[in-house]
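Structural overview
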Amino acid sequence: MKRYHFILFLLVICTLPSFAQNEFLDGVYLSSDEELIKEINQQKELIDKKMSAYHKVEKVRDSLGYRNAYFDGKELKLVIVFYRENNLDKTKHWYFQKGKLVYGESTISAIGYGSQKDEKLYLDNEHLFWWTIGGIPVDRNSVMFKKSANELGYYSLQLIMENKE
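Predicted, not measured: the structure shown is a model, and the values here were computed from it.

All right, on to the overall build of the chain then. A count of helical and extended segments in the chain gives three helices and eight strands. The helix and strand sequence of the chain, counted from the amino end, reads α-α-β-β-β-β-β-β-β-β-α. The buried share of the chain, taken over its 165 residues, is 34%. Taking the intrachain contacts of the chain between residues at least 6 apart in sequence as the baseline, contacts between residues at least 24 apart amount to 32%.

Below, the discussion takes up the pairing of strand 6 (residues 116-124). By the bridge criterion, seven bridges tie strand 5 (residues 100-110) to strand 6 in an arrangement that is antiparallel. Paired with Gly 104 across the strands is Leu 121, a residue of strand 6. Between strand 5 and the antiparallel strand that follows it, strand 6, lie five residues; Gly 112 among them carries a positive phi value of about 85 degrees. In textbook terms, the turn of a hairpin is the stretch between consecutive antiparallel strands, and for strand 6 and strand 7 (residues 127-133) this stretch comprises two residues, one of which, Asn 125, has a positive phi near 55 degrees.

Let's shift gears to the packing of aromatic side chains. Applying the stated criterion across every chain, the model contains six aromatic pairs. Pairing Tyr 122 with Phe 129 gives two aromatic rings, centres 6.4 Å apart and planes at 55 degrees, and the pair type is tilted. Here Tyr 122 and Phe 129 have matching classes, each one buried.

Here the focus is the nonpolar core. If you look at the biggest cluster of nonpolar residues, it comprises 17 residues, and the most contacted ones within it are Val 79, Trp 94, Phe 96 and Leu 152. When contributions to this core are tallied by element, the ones reaching two or more residues are strand 2 (65-72), strand 3 (75-85), strand 4 (88-97), strand 6, strand 7 and helix 3 (143-162). Setting aside chain neighbours within four positions, we find Leu 152 in contact with Trp 94, Leu 101, Leu 121, Leu 123 and Leu 128. With 13 residues, the next largest nonpolar core counts Ile 40, Tyr 54, Leu 78 and Tyr 95 among its residues.

Bringing the pattern of salt bridges into the picture now. Side chains that differ in sign of charge can pair as their charged atoms come close. According to the stated counting rule, one finds eight salt bridges in the structure shown. Its salt-bridge partner being Arg 140, residue Asp 33 comes within 2.2 Å of it at the nearest N-O pair. With Asp 33 in helix 2 (residues 31-50) and Arg 140 in the loop between strand 8 (136-137) and helix 3, the pair connects residues that are 107 residues apart, well separated along the chain. Each member of the pair, Asp 33 together with Arg 140, is buried. For Lys 77, the salt bridge is made with Glu 75, and the minimal N-O distance between the two is 3.4 Å. A relative accessible area of 8% places Lys 77 in the buried class. Residue class for Glu 75 comes out partly exposed when judged on its relative accessible area of 28%.

Read from one edge to the other, the open sheet built from eight strands follows the order 1-2-3-4-5-6-7-8, with strand pairing classed as antiparallel. Here the strands that pair on one side only, and so sit at the sheet edges, are strand 1 (55-62) and strand 8. Strands strand 1, strand 2, strand 3, strand 4, strand 5, strand 6 and strand 7 of the sheet are contacted by helix 3, whose axis makes an angle of about 110 degrees with strand 7.

About the cut-offs
- Residues numbered from 1 in each chain as written.
- Predicted model: local features only at pLDDT ≥ 70, side-chain atom pairs only at ≥ 80, totals over all residues.
- Heavy atoms only, no water.
- Helix = DSSP H or I, 4+ residues; strand = E, 2+ residues; numbered from the N terminus.
- Buried < 20%, exposed > 50% of the residue type's maximum accessible area, 1.4 Å probe, protein only.
- Contact = heavy atoms within 4.5 Å.
- Pairing = 2+ DSSP bridges.
- Phe/Tyr/Trp six-rings, centres within 6.5 Å; stacked < 30°, edge-to-face > 60°.
- Core = buried A, V, L, I, M, F, W, Y, C linked by side-chain atoms within 4.5 Å.
- Salt bridge = Lys/Arg side-chain N within 4 Å of Asp/Glu carboxyl O.
- Axes fitted to C-alpha atoms, helices over the stretch in contact; angles between N-to-C directions.

What follows is the structure, given as structure tokens:
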């Protein structure tokens, strides 16, 4: 009987840590996402810090906006897109690591109103795994998330092709 209680005790103790993690089985948030997000944020901060040392290439500029690419040698690190459309200023930053899109952020500001909408997109191996709008996570099981994830894969390739040095 004591042996049975001891085995039951070990079973409970060994399984408790798995219940303590921030994991949702239905795809909203995984504890492994937290570490990957932290790593991507560190990469983003490093790129931002070194941006003045990167080679800037102005790809497009007109009265409505611009697109600039930043390179470390031949490696694409960042693409910044700004354009004005229907009284909205739209700024997008696309961050690359080892030739792959890892992070994107978008800010849309209403001209003269001060209101703004922020989005952050995190990618692992060019697959969207985490997305927030105004700091609120988008459910990765939603149609909107799945559609955007699919489109982002193609857009990533397009950004890389259009911004070769």
